[in-house]
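Overview (structure and organization)
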Amino acid sequence: SSYYVQIAKAIIRNDYVSINHRIAAFLASYFDIIFAVNGYLHPGEKKLIKIIDRDIDNKPQNIISNIDNILKNSDYSLLLDKIDILMLNLDNWLKENKFI
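What counts as what
Residues numbered from 1 in each chain as written. Predicted model: local features only at pLDDT ≥ 70, side-chain atom pairs only at ≥ 80, totals over all residues. Heavy atoms only, no water. Core = buried A, V, L, I, M, F, W, Y, C linked by side-chain atoms within 4.5 Å. Buried < 20%, exposed > 50% of the residue type's maximum accessible area, 1.4 Å probe, protein only. Helix = DSSP H or I, 4+ residues; strand = E, 2+ residues; numbered from the N terminus. Contact = heavy atoms within 4.5 Å. Arc of directions from axis to C-beta. Polar contact = N/O pair within 3.5 Å; in protein donor to acceptor, adjacent residues only side chain to side chain. Salt bridge = Lys/Arg side-chain N within 4 Å of Asp/Glu carboxyl O.

**Observations concerning the nonpolar core**
Ile7, Tyr30, Phe31, Ile34 and Leu79 are the most contacted members of the largest nonpolar core, which totals 27 residues. Within the residue set of this core, elements represented by two or more residues are α1 (3-13), α2 (16-37), α3 (48-55), α4 (63-71) and α5 (79-96). Residue contributions to this core peak at 9 residues, all from α2. Residues contacting Ile7, with those up to four places away along its chain left out, are Arg22, Ile23, Phe26, Leu79, Leu80 and Ile83.

**Considering the environment of Asn62**
Within the fold, Asn62 resides in the loop between α3 and α4. On a C-alpha basis, the gap between Asn62 and Leu90 in space is 9.9 Å, while along the polypeptide they are 28 residues apart.

**Some details on α1**
All buried positions along α1 are accounted for by Ile7, Ala8, Ala10 and Ile11. For α1, the angular spread of buried residues about the axis comes to 165 degrees, placing them on one side. For α1, the secondary structure elements touched by its buried residues are α2 and α5.

**Points about the environment of Lys72**
Within the fold, Lys72 resides in the loop between α4 and α5. Residue Lys72 is classed as exposed on the basis of its relative accessible area of 65%.

**Points about α3**
Looking at α3, one finds that the buried residues are Leu48, Ile51 and Ile52. With its buried residues spanning 95 degrees around the axis, α3 presents them on a single face. Turned more than 90 degrees away from the buried face of α3 sit Lys50 and Arg54, all of them exposed.

**Things to note about the side chain of Asn73**
Mapped onto the elements, Asn73 comes out in the loop between α4 and α5. Looking at Asn73, its side chain comes within polar contact range of the side chain of Lys82, at 3.3 Å. Apart from residues no more than four positions distant in its own chain, Asn73 is found in contact with Asp68, Leu79 and Lys82.

**Section: the pattern of salt bridges**
Between side chains of opposite charge, a pair can form when the charged atoms approach closely. Per the counting criterion, the structure on display carries 2 salt bridges. Where Asp15 meets Arg13, a salt bridge forms, and the shortest distance between an N and an O atom there is 3.4 Å. Assessed through its relative accessible area of 29%, Asp15 is described here as partly exposed. Put simply, Arg54 and Asp55 hold a salt bridge, and the shortest N to O gap is 2.8 Å.

All quantities given are derived from atomic positions and should not be read as evidence of function.
Written out as structure tokens, the structure reads:
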């Protein structure tokens, strides 16, 4: 199943370790897309937000604040809504770049 579904199931179970693990995997895939679309060599897993903010000009709207809202979220009942916003902005950005 998708990361989204896995996160949703972990929320239902109140499995905070699993939620954290699935969010990390989801964001890893998300970052892969951002770097690939930009033809930017993936720098590894450290300081990704700083690198995207500093070095990537072509990125989805509100990417930094959307990621912050997910990672700094303490209310898991709102987590899927925050992921939806991040993904909507990604979809719009991919359409603008003619990838979908």
